[in-house]
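# Reading the structure
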Amino acid sequence: MRALVVVGLLAAIALVFVVVAVLRDTQSKAGTAENCPEGWPIADVRLREQKDVKINVYNGTEEVGLAGSVADDFRNRKFQVKKEGNAPKAVDDVAVLRFGPKGVGSAHLLRAYFLNNAKLEPDLKRKDDTVDVILGNGFQQLATTTEVNQSLGDLGSPQAPAGTCPGPVK
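Report on the accompanying structure. Model, not experiment: these values are computed from the prediction.

### Quick look at the overall build of the chain
Looking only at helices and strands, the chain features 4 helices and 7 strands. In the chain, the succession of helices and strands from N to C terminus is α-β-β-α-β-β-α-β-β-α-β. Split into buried and exposed, the 170 residues of the chain put 36% on the buried side. If you take every contact in the chain between residues at least 6 apart in sequence, the share linking residues at least 24 apart comes to 81%. Of the roughly 10,700 Å² of accessible surface on the chain, 54% is carried by carbon and sulfur atoms.

### Observations regarding the packing of aromatic side chains
Evaluation of the coordinates by the stated rule reveals 5 aromatic pairs. An aromatic cluster of three or more residues is present, and its members are Phe74, Phe79, Tyr113, Phe114 and Phe139.

### Remarks on the packing of helix α3 (residues 104–113) against helix α4 (residues 145–155)
Packing of α3 against α4 brings their axes to within 8 Å, and their N-to-C directions diverge by 125°. Relative to α4, α3 is oriented oblique. Crossing of α3 over α4 shows right-handed handedness. Together, His108, Leu109, Arg111, Ala112 and Tyr113 of α3 and Val148, Ser151, Leu152 and Leu155 of α4 make up the contact between the two elements. Looking at the contact of α3 with α4 residue by residue, the classes come out as 6 nonpolar, 2 polar and 1 charged.

### As for the state of the cysteines
One pass over the structure, following the stated rule, counts 1 disulfide. Between Cys36 and Cys165 runs a disulfide, and the two sulfur atoms are separated by 2.2 Å. On the sign convention where negative is left-handed, the bridge of Cys36 and Cys165, at about 90° about the S-S bond, is right-handed. Within this pair, whereas Cys36 is found in the loop between α1 (2–23) and β1 (42–43), its partner Cys165 is found in strand β7 (residues 165–166), the two being separated by 129 residues in sequence.

### Brief notes about the pattern of salt bridges
All told, the structure shown has 11 salt bridges when counted by the stated rule. Between Asp44 and Arg48 there is a salt bridge, and its shortest N-O distance comes to 2.4 Å. We note a salt bridge from Glu121 to Lys119, for which the minimum N-O separation is 3.5 Å. When its relative accessible area of 24% is taken as the criterion, Glu121 is described as partly exposed. Through salt bridges with shared partners, one network takes in Asp44, Arg46 and Arg48.

### Digging into unusual backbone geometry
One non-glycine residue, Lys78, lies in positive phi territory at about 80°. Looking at the element boundaries, Lys78 is found in the loop between α2 (66–76) and β3 (80–86). One non-glycine residue, Asn116, lies in the positive phi region at around 65°. Looking at where Asn116 falls in the secondary structure, it is placed in the loop between α3 and β5 (118–122).

### Comments concerning the sheet that holds strand β6 (residues 131–135)
In spatial order, the strands read β3-β2-β6-β4-β5; together these 5 strands make up an open sheet with mixed pairing. Of all the strands in the sheet, just β3 and β5 have a single pairing partner and so form its edges. Taking the axes of each pair of neighbouring strands and ignoring which way they run, one obtains an average angle of 20° across the sheet. Relative to β6, strand β4 (residues 95–99) is paired through 4 bridges, and the arrangement is antiparallel. Bridged to Ala95 within β6 is Leu135.

Calculation rules
Residues numbered from 1 in each chain as written. Predicted model: local features only at pLDDT ≥ 70, side-chain atom pairs only at ≥ 80, totals over all residues. Heavy atoms only, no water. Helix = DSSP H or I, 4+ residues; strand = E, 2+ residues; numbered from the N terminus. Buried < 20%, exposed > 50% of the residue type's maximum accessible area, 1.4 Å probe, protein only. Contact = heavy atoms within 4.5 Å. Areas by Shrake-Rupley, 256 points an atom, 1.4 Å probe, with all protein chains shown as cover. Phe/Tyr/Trp six-rings, centres within 6.5 Å; stacked < 30°, edge-to-face > 60°. Axes fitted to C-alpha atoms, helices over the stretch in contact; angles between N-to-C directions. Parallel < 35°, antiparallel > 145°, perpendicular 65-115°, else oblique. Left-handed = near helix turned anticlockwise from the far one by under 90°. Nonpolar A, V, L, I, M, F, W, Y, C, P; charged D, E, K, R; others polar. Disulfide = S-S within 2.5 Å. Salt bridge = Lys/Arg side-chain N within 4 Å of Asp/Glu carboxyl O. Pairing = 2+ DSSP bridges.

The following block contains the structure:
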């Protein structure tokens with residue numbers, strides 16, 4: 001009987017500590033646009049669905065027609081391919097993803113299609129939500145649906161790039 005009273009008392013004390021901690025939480029708005037320094041762009045950190053992602057596909061290799069075939073592969077996966085063509089210079093990486101603050105969630109999804117082997121190049125001045133996908137010499141193929149899902153699990157949630165503030169997730 002005495003042990004039951006002690007356990008009940010400990011549970012009540014723990015509940016009081018939790019309530020006080022929640023009520024006094026000063027970090028509840030940390031990492032949101034409300035605490036953003038003036039002039040910093042707001043990053044859209046919502047994870048997008050394929051149908052909502054706009055991309056440009058560029059070939060940064062010497063392989064003829066690579067951008068077209070990969071663009072078709074992305075179209076078959078329901079991405080909105082806006083442009084395709086050759087990159088101005090060669091890329092040695094698997095791929096490079098260039099995007100602005102509005103394309104953070106889209107770039108995060110695309111990163112999974114390259115199994116987290118794509119180099120991220122955020123451009124804080126870019127105003128649109130389109131992501132440039134520049135295929136490099138290390139590229140072999142896009143990941144399968146299962147591999148993409150596993151990669152997304154490994155990547156976690158989209159993060160706002162340095163110099164931006166995460167926007168509210170709706």
